[in-house]
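# Notes for the structure review
For reference, the chains in residue letters:
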Amino acid sequence: EQGLRAELERMSAVASARARRVDALEEAVADRQHTAEQYRELVATLQADVQGLRAREQTQAGEVASAALQAQQALSLNLQLRSTALRTRARAVDLELRRLDADQATERLAMTEPFLPDHFFRTEAGALGAVLSVRRLAAKADVLCAQLEQDEAAASISDAFVAAADVRAQLSQFSGGAALLAGYLSTCSAADFAHAPALQTDAQGMERRLNGLIDLVRSEEFRAPDALPEVRRLTAQLREMADTHVPQTLEATAPQRLANAASRLAFAADEQLANLVFAEQLLAEPETESLVFADADRQVLAMRVLPAMASVVQNCKAAKLPALKLLRQADDMLRANVAANDRAFELADDVLQASDELRDYSVRVRSVVQSYFVSASGDGDGEPIMESVSLERLQQDLASIAQDVFGSTEATPLGLALSVSQRLGRELSALLAFVGDDQNAQSADRAEAPWVARAQQFKSSLVQNTDVERRTRELEEEIVSVRRELKLRDQ
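Figured I'd write up the structure that's included with this text. Predicted, not measured: the structure shown is a model, and the values here were computed from it.

This part is about the overall build of the protein chain. In terms of helices and strands, the protein chain carries 14 helices and two strands. Projected onto the principal axes, the alpha-carbon positions of the protein chain cover approximately 210 × 80 × 55 Å. When the 491 residues of the protein chain are sorted by exposure, 33% land in the buried category. Just so you have it, the protein chain exposes about 30,500 Å², and 53% of that area is on carbon and sulfur atoms. The averaged location of the 75 negative side-chain charges in the protein chain is 6 Å from the averaged location of its 54 positive side-chain charges.

This brings us to helix 7 (residues 224-245). Compared with the 32 Å implied by 1.5 Å per residue over 22 residues, the 30 Å span of helix 7 between its first and last C-alpha is a close match. Of all the positions in helix 7, only Ala-224, Ala-227, Leu-228, Glu-230, Val-231, Leu-234, Thr-235, Leu-238, Met-241 and Ala-242 are classed as buried. Along its buried surface, helix 7 packs onto helix 4 (159-187) and helix 6 (197-218).

Let us now look at the pattern of salt bridges. A complete count under the given rule lists 22 salt bridges for this structure. For Glu-7, the salt bridge is made with Arg-10, and the minimal N-O distance between the two is 2.1 Å. Placement of the pair is Glu-7 and Arg-10 together in helix 1 (residues 2-112), with a separation of three residues, close to one helical turn. Looking at Glu-7, the relative accessible area reads 35%, which means it is partly exposed.

Within a pair of aromatic rings, the relevant descriptors are the distance that separates the centres and the angle that separates the planes. On inspection of all chains with the given rule, the structure shows two aromatic pairs. Taken together, a centroid distance of 5.8 Å and an interplanar angle of 55 degrees make the contact between Phe-193 and Trp-451 tilted. Of this pair, Phe-193 sits in helix 5 (residues 190-193) while Trp-451 sits in helix 14 (residues 450-490), and the two are 258 residues apart along the sequence. Aromatic pair Tyr-361 and Phe-406: ring centres 5.2 Å apart, planes at 35 degrees, arrangement tilted. Pair noted here: Tyr-361 is in helix 11 (residues 342-377) and Phe-406 is in helix 12 (residues 391-406), with a separation of 45 residues, a long-range link. Considered together, Tyr-361 and Phe-406 belong to a single accessibility category, that of buried residues. Just above the ring of Phe-345 sits the side chain of Arg-257; from NZ or CZ to the centre is 4.7 Å.

As a rule of thumb, nonpolar side chains are buried together in soluble globular proteins. In this structure, Tyr-361, Val-365, Phe-406, Leu-414, Leu-428 and Leu-431 are the most contacted members of the largest nonpolar core, which totals 64 residues. Of all elements in the fold, only helix 4, helix 8 (254-284), helix 10 (295-335), strand 1 (338-340), helix 11, helix 12 and helix 13 (415-436) reach the threshold of two or more residues within this core. Excluding its chain neighbours within four sequence positions, the residues that come into contact with Phe-406 are Glu-357, Leu-358, Tyr-361, Leu-416, Ala-417 and Val-420. Judged by nonpolar contacts, the second largest core, of 41 residues, contains Val-134, Phe-174, Met-206 and Val-231.

Position of Thr-409 among the secondary structure elements: in the loop between helix 12 and helix 13. Aside from chain neighbours lying at most four places away, what touches Thr-409 is Gln-403 and Leu-416.

Another point: a negative patch on the surface. Where like charges cluster on the molecular surface, the negative patch consists of Asp-23, Glu-26, Glu-27 and Asp-31. Its place among the elements puts Asp-23 in helix 1. Looking at Asp-23, the relative accessible area reads 41%, which means it is partly exposed.

Helix 7 packs onto helix 4 with a crossing angle of 20 degrees between their chain directions and a minimal axis gap of 9 Å. By the angle between their axes, helix 4 is roughly parallel relative to helix 7. Like other packed secondary-structure pairs, helix 4 and helix 7 cross with a definite hand, here left-handed. In terms of residue class, the contact of helix 4 with helix 7 is made up of 17 nonpolar, five polar and three charged.

Quick look at unusual backbone geometry now. Most peptide bonds take the trans configuration, and most residues that are not glycine carry a negative phi. Unusually for a residue other than glycine, Glu-220 sits at a positive phi of about 55 degrees. Within the secondary structure layout, Glu-220 lies in the loop between helix 6 and helix 7. According to the relative accessible area criterion, Glu-220 is exposed, its value standing at 74%. Even without being glycine, Asn-337 reaches a positive phi, approximately 55 degrees. As for its placement among the helices and strands, Asn-337 is situated in the loop between helix 10 and strand 1.

Of note, Ala-67 is situated in helix 1. In this structure Ala-67 comes out as partly exposed when scored by relative accessible area, which is 40%. A sequence separation of 359 residues divides Ala-67 from Arg-426, and the C-alpha atoms of the two residues are 57 Å apart.

For the coordinates displayed, the defined rule picks out zero disulfides. Left without a disulfide partner, Cys-145 is nearest to the cysteine sulfur of Cys-316, which lies 19 Å away. Take Cys-316: its relative accessible area is 1%, and that puts it in the buried class.

A surface patch of nonpolar side chains, about 260 Å² in accessible area, is lined by Val-93, Leu-97 and Leu-100. Of note, Leu-97 is situated in helix 1.

Relative orientation of the contacting elements helix 3 (residues 125-147) and helix 6 amounts to 25 degrees, with a least axis distance of 9 Å. By the angle class used here, helix 3 and helix 6 are roughly parallel. Seen from above, helix 3 lies across helix 6 with left-handed handedness. On helix 6, the residues that touch Gly-126, Ala-127, Gly-129, Ala-130, Ser-133, Val-134, Arg-136, Leu-137, Lys-140, Ala-141, Leu-144 and Gln-147 of helix 3 are Pro-197, Gln-200, Ala-203, Gln-204, Met-206, Glu-207, Leu-210, Asn-211, Leu-213, Ile-214 and Val-217.

Structurally, Arg-168 is set in helix 4. Among the polar contacts listed, one links the side chain of Arg-168 to the backbone oxygen of Cys-145, at a separation of 3.1 Å. Ignoring anything within four residues of it in the chain, the contact list for Arg-168 reads Cys-145, Leu-148, Glu-149, Phe-267 and Asp-270.

Rules used throughout
Here, residues in each chain are numbered from 1, in the same order as that chain's written sequence. Selection of residues for local features in this predicted model requires a pLDDT of at least 70, selection of side-chain atom pairs for listing and counting requires 80 or more, and totals for whole chains, interfaces and linings are taken over all residues. Where side-chain values are given, they derive from all heavy atoms of the structure, hydrogens and water being excluded. The numbering of helices and of strands both runs from the N terminus, where a helix is a DSSP run of H or I of at least 4 residues and a strand a run of E of at least 2. Under the scheme applied here, a residue whose accessible area is under 20% of the maximum for its type counts as buried, over 50% as exposed, and between as partly exposed, the area being computed with a 1.4 Å probe on protein chains only. Here the Shrake-Rupley method, with its probe set to 1.4 Å, supplies the accessible areas, and only the displayed protein chains count as covering residues. Just so you know, the count uses Lys and Arg for positive and Asp and Glu for negative, and it drops His and the chain ends. Throughout, a charge is located at the NZ atom of Lys, the CZ atom of Arg, the CG atom of Asp or the CD atom of Glu. Helices are assigned an expected span. That span is 1.5 Å times one less than the residue count. In this description, contact between two residues means that some pair of their heavy atoms is separated by no more than 4.5 Å. For salt bridges, the criterion is a side-chain nitrogen of Lys or Arg within 4 Å of an Asp or Glu carboxyl oxygen. Aromatic pairs are defined between Phe, Tyr and Trp rings, using the six-membered ring for Trp, whenever the two ring centres lie within 6.5 Å; interplanar angles under 30 degrees are classed as stacked, those over 60 as edge-to-face, and all others as tilted. Throughout this description, the term charge over a ring refers to an Arg CZ or Lys NZ atom that lies within 6 Å of the ring centre and within 35 degrees of the ring normal. Among buried residues, those of type Ala, Val, Leu, Ile, Met, Phe, Trp, Tyr and Cys that are joined through side-chain atoms within 4.5 Å constitute a nonpolar core. By definition, no residue in a patch forms a salt bridge, and every one has over 30% relative accessible area; like charges are joined within 9 Å, nonpolar side chains (Val, Leu, Ile, Met, Phe, Trp, Tyr) within 5 Å. Angles run from 0 to 180 degrees between N-to-C directions of axes, and those axes are lines fitted to C-alpha atoms, restricted for helices to the stretch in contact. By definition in this entry, angles of less than 35 degrees are roughly parallel, angles greater than 145 are roughly antiparallel, angles of 65 to 115 are roughly perpendicular, and the rest are oblique. Less than a right angle of anticlockwise turn of the near helix away from the far helix marks a crossing as left-handed, whereas a clockwise turn marks it as right-handed. Note on residue categories: nonpolar means Ala, Val, Leu, Ile, Met, Phe, Trp, Tyr, Cys or Pro, charged means Asp, Glu, Lys or Arg, and polar means any other residue, Gly included. We call a pair of cysteine sulfur atoms a disulfide whenever their separation is within 2.5 Å. In the analysis that follows, any N or O atom pair within 3.5 Å is treated as a polar contact, provided that within protein one partner can donate a hydrogen and the other can accept it, and provided that, for residues neighboring in sequence, both atoms belong to side chains.

This is the structure we're talking about:
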């Protein structure tokens, strides 16, 4: 029994020691876990600090790159500003020199005028003033036409865009007619030049009306639809003046007539595109399309009419490229005083006929389509003026327009317009190739300016008058001498 008690006490002591050891180990494990947790928190803190440092470094690097880019942009802008300032300064110097030349020319003219006889102001001054007035008309029309140039890549166009294209085409014809008339007055005979003062009054009136349009452009109050009737009247008046005074078969004006035809073709292409694209835009716009056409006709419209109109538009764009090349070629020939032969003018007349037909067709199609939408949009109270348009009516209107313009009925919508636009592109390319061939061109006769011939006649008459005056003085001296001798004999 004592042995068992001793064994139990010993086992109890061992168990107590082991319990204390377990408690100590648990405390050590708890301390180590606490230390590990603190270490993890420290590592997480350090990692956060590292990420923050990296983010700050990236931000600083971005700021440095941005600052470098801004510095580069500022340097580039500075260079551009300096270049612009230099160009502006050079332009200002050039303008001042030109103003000085103009002032000196005016002063020289004022100093020279007292030496001119009254006969010059009675006969020659009016004719020279008419030539200068007609030249100013051509120059101002070109300036106004350049100011009205539009962006061809516009997302959508409007009535003002179409009207501006028409105004530019009219101004181009106006400028060409004025240049043709000025060229004729610069090469006509002295007898015809003597009748030139009659043109100055009309030229001055047209110049005042052009100045009014230019003033509207300056004040940004120019509206193409409002100015179009006035420009058309000016063009018709100048065309009548040129047709009345300029012979059509005059060889000296052949380069200018070719340049006028090329300019007319180029600007007619702009008119065709503006009208057709505007009509296509109206027909393809979903919001307005539902107001005009019935639901059953919209799908047929999208499958038959719109693709045909898009094809005509693409053909017109393709024809515009050779038209612009022809215009540059004609301008180069005009500066070099080179005239094309008669065959070139025959080809140009055929191309102009096709271009005018396609232009008239596009204008009437746009007008008809636009009338549908104007009627469908309603009157002032918002009520529609007419019911929806059927596809059959649209096809009938297109066929009627084709019959009036082309003289035949088309089997499919815009079929004749498609064929005419294709033929126009082919004929323009053929005309461009023909004009570009040196074998089909010759140097135009450069006639002497009529005022040069008149000046020579005037100088010769002055020489004759001087001889007469000298001979008269000699005879007077002889008479005086004879009188003296007679008096001496009488004495």
